[in-house]
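Results of the structural survey
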Number of protein chains: 2
Amino acid sequence: MPSATPEKLSTNASFGGEISKFAAPAHSLGGLKTQFNVFLPKEALDGNKVPVLYYLAGLTCNEDTAPWKGGFLRDAAAEGIALVFPDTSPRGAGIEGEDKDWDFGTGAGFYLNATRDAWSKHYNMYDFITSELPALLTALSLPLDLSRSSIFGHSMGGHGALTLYLKALLSPSSSSSSSAKYLSCSAFAPIANPTKCPWGEKAFGGYLAGGADEGKEYDATELIAQLKGKDKDVKILVDVGTGDQFYQQKQLLPENLIAARDAAGLSPSAVSVTLHERYDHSYYFISTFAPAHIKFHAQALKAAK
Amino acid sequence: MPSATPEKLSTNASFGGEISKFAAPAHSLGGLKTQFNVFLPKEALDGNKVPVLYYLAGLTCNEDTAPWKGGFLRDAAAEGIALVFPDTSPRGAGIEGEDKDWDFGTGAGFYLNATRDAWSKHYNMYDFITSELPALLTALSLPLDLSRSSIFGHSMGGHGALTLYLKALLSPSSSSSSSAKYLSCSAFAPIANPTKCPWGEKAFGGYLAGGADEGKEYDATELIAQLKGKDKDVKILVDVGTGDQFYQQKQLLPENLIAARDAAGLSPSAVSVTLHERYDHSYYFISTFAPAHIKFHAQALKAAK
């Protein structure tokens with residue numbers, strides 16, 4: 001089913017480019033209307049096709065959180081990269097319990113395709129981000145080179161960025177899938193091993209008929225173990241603060257990602273995971289490392305031209 | 001009456017430094033508790049006294065708006081400058097009509113000292129910012145060099161920054177007033193001539209017994225006319241977007257500030273006012289010009305050492 005052209009809700013000039021908010025009904029979200037922001041650098045306003053960096057936000061956030069608080073636009077403008085900020089879940093599906101908890105349901109889509117009956121019609125953020133959102137961007141005829149896409153995110157969105165990147169990397173390259181491929185992936189304080197932490201256990205138990213076992217296909221630590229011998233194809237950057245309460249509560253488990261990386265024989269330069277003293281889970285942490293993440297993706301996106 | 005030491009509510013590491021939120025009862029606000037954020041760059045954490053840049057936020061905003069959305073911390077960290085973000089008004093005074101409108105009362109203190117009976121006990125943000133806040137910072141024993149202070153702000157806070165700066169500049173230098181002096185002043189989309197626009201007329205009519213006539217002492221365009229011959233003492237930077245709906249609605253009136261500057265024989269290098277095409281009133285505009293504003297203040301603050 002072809003996507004309708006999204007409706008433009010607003011545009012704000014910023015850093016020589018502009019950020020626009022769009023709304024569109026999404027097939028993968030059961031027809032619910034969803035919103036997303038797109039930042040176009042000046043190069044794009046001048047008519048040049050630019051590469052695309054998707055940002056996936058964390059629990060309780062929406063499409064505005066990162067453009068407002070992340071500090072990403074400045075460096076994306078300097079590098080000539082477009083940024084795309086989708087929402088974190090469907091909204092208004094009307095499912096019982098959807099708005100009960102801050103870490104499940106609304107604002108907590110976990111970037112998967114739900115298989116439990118109650119959720120499977122609407123909670124398909126995996127399909128939305130990898131297939132429908134690129135189609136919506138194409139329908140808008142924006143000056144984007146979607147063949148050069150990368151992805152990053154925070155917390156639940158860091159989990160999303162890692163798993164979408166790894167699943168695309170692991171899927172057969174011969175397939176003519178319409179799903180997005182990503183040239184690089186980075187994450188701030190990601191939920192790196194969700195089948196082994198309370199947030200992930202709750203999400204997978206709720207959304208997936210097969211629970212945590214089915215959840216392994218959406219678990220970065222499980223997926224990275226399958227990358228043995230692919231060191232040169234992998235570009236992952238992860239930063240975590242040791243002052244992060246959720247790191248301390250073992251919701252993030254970057255140590256498990258590191259162990260899986262090492263067991264798969266992948267190098268720290270292919271999968272860089274750095275712990276930073278004092279930093280916490282907030283956007284004060286994210287904005288600090290935003291310039292380095294944009295630079296990391298710019299190198300991958302520009303090398304591909 | 002000496003100020004009590006403020007209570008620290010939180011601290012977040014950011015850009016090598018840290019931002020902390022404090023709360024304290026304020027005499028100038030009728031004893032109401034108020035909150036403010038202080039960003040200390042790494043130099044301060046290392047024990048060095050650093051200069052201070054105050055930021056006054058606009059209508060409906062609070063002490064968190066600019067640290068979250070302004071993009072100021074990155075450049076302040078690079079320049080070794082502390083940032084202080086107070087709230088925009090008292091909160092919870094319980095005055096009739098205080099929460100009725102978004103442009104008057106709560107979130108809309110207009111950085112003046114109220115003289116109308118109902119408001120004069122609590123609505124004294126002028127005294128709070130210029131006298132009590134520096135005393136609270138001193139009580140905290142933070143590594144700040146308050147003799148090197150500058151000020152900036154947005155919209156109503158741009159009005160506040162301009163008027164606090166100009167009133168200090170115009171007050172007799174022989175006075176041993178405890179009020180802050182500022183080495184430089186900048187504003188994003190300030191309400192530059194409040195006695196001549198609807199927002200200012202409403203605020204001055206509500207807070208001041210003498211209405212708009214009394215309001216002239218809180219009007220940047222009125223104050224700048226008194227600076228004839230003081231060109232070399234003045235350091236003001238103003239940026240406004242022509243796509244700003246409030247500029248278009250004649251709430252900001254930068255053209256009146258320019259005319260008063262020119263009539264007073266002040267140079268555009270002493271009072272720089274620039275209109276930028278496409279930009280609006282939002283933090284997408286502010287963050288774009290944030291680096292230039294921090295650089296402007298850093299030059300003044302460092303030259304004073």
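First things first, this report covers the structure right here in the doc. All values reported here derive from a predicted model rather than from experimental measurement.

Per the stated rule, a full pass over the model turns up 34 salt bridges over all chains. Note that Asp262 of chain A and Arg261 of chain A form a salt bridge whose closest N and O atoms lie 2.9 Å from each other. Across the salt bridge formed by Lys33 of chain B and Glu7 of chain B, the nearest N and O atoms sit 3.9 Å from each other. Taken together, the residues Lys33 of chain B in strand S3 (residues 33-40) and Glu7 of chain B in strand S1 (residues 7-14) connect sequence positions 26 residues apart. For Glu7 of chain B, a relative accessible area of 43% translates into the label partly exposed.

A common measure of how large an interface is: the accessible area buried when the components associate. Listed per partner, the contact involves 25 residues of chain A and 25 residues of chain B. The contact between chain A and chain B buries some 2,100 Å² in all, and 47% of this surface belongs to carbon and sulfur atoms. For the salt bridge of Glu18 of chain B with Arg278 of chain A, the shortest nitrogen-to-oxygen distance reads 3.8 Å. Summed over the shared surface of chain A and chain B, the number is 16 residue pairs in polar contact (both at pLDDT 80 or more). Residue assignment for the side of chain A that touches chain B shows that the elements contributing at least two residues are strand S1 (7-14), strand S2 (17-25), helix H2 (65-69), helix H3 (73-79) and helix H12 (283-303) of chain A. For the side of chain A that touches chain B, the element with the highest residue contribution is H12 of chain A, accounting for five residues. Looking at the side of chain A that touches chain B residue by residue, the class counts come to eleven nonpolar, eight polar and six charged.

Residues and elements named next belong to chain A. Here Thr88 shows up in the loop between strand S5 (82-86) and helix H4 (117-120). One polar contact links the side chain of Thr88 to the main-chain carbonyl oxygen of Cys61, over a distance of 2.6 Å. At 3.5 Å, the side chain of Thr88 forms a polar contact with the side chain of Asp87. Apart from residues no more than four positions distant in its own chain, Thr88 is found in contact with Ala57, Gly58, Cys61, Gly107, Ala108, Gly109, Phe110, Tyr111, Met125 and Met156.

Cut-offs applied
- Residues numbered from 1 in each chain as written.
- Chains lettered and ligands numbered in written order.
- Predicted model: local features only at pLDDT ≥ 70, side-chain atom pairs only at ≥ 80, totals over all residues.
- Heavy atoms only, no water.
- Salt bridge = Lys/Arg side-chain N within 4 Å of Asp/Glu carboxyl O.
- Helix = DSSP H or I, 4+ residues; strand = E, 2+ residues; numbered from the N terminus.
- Buried < 20%, exposed > 50% of the residue type's maximum accessible area, 1.4 Å probe, protein only.
- Contact = heavy atoms within 4.5 Å.
- Buried area = accessible area lost by both parts, 1.4 Å probe.
- Polar contact = N/O pair within 3.5 Å; in protein donor to acceptor, adjacent residues only side chain to side chain.
- Nonpolar A, V, L, I, M, F, W, Y, C, P; charged D, E, K, R; others polar.

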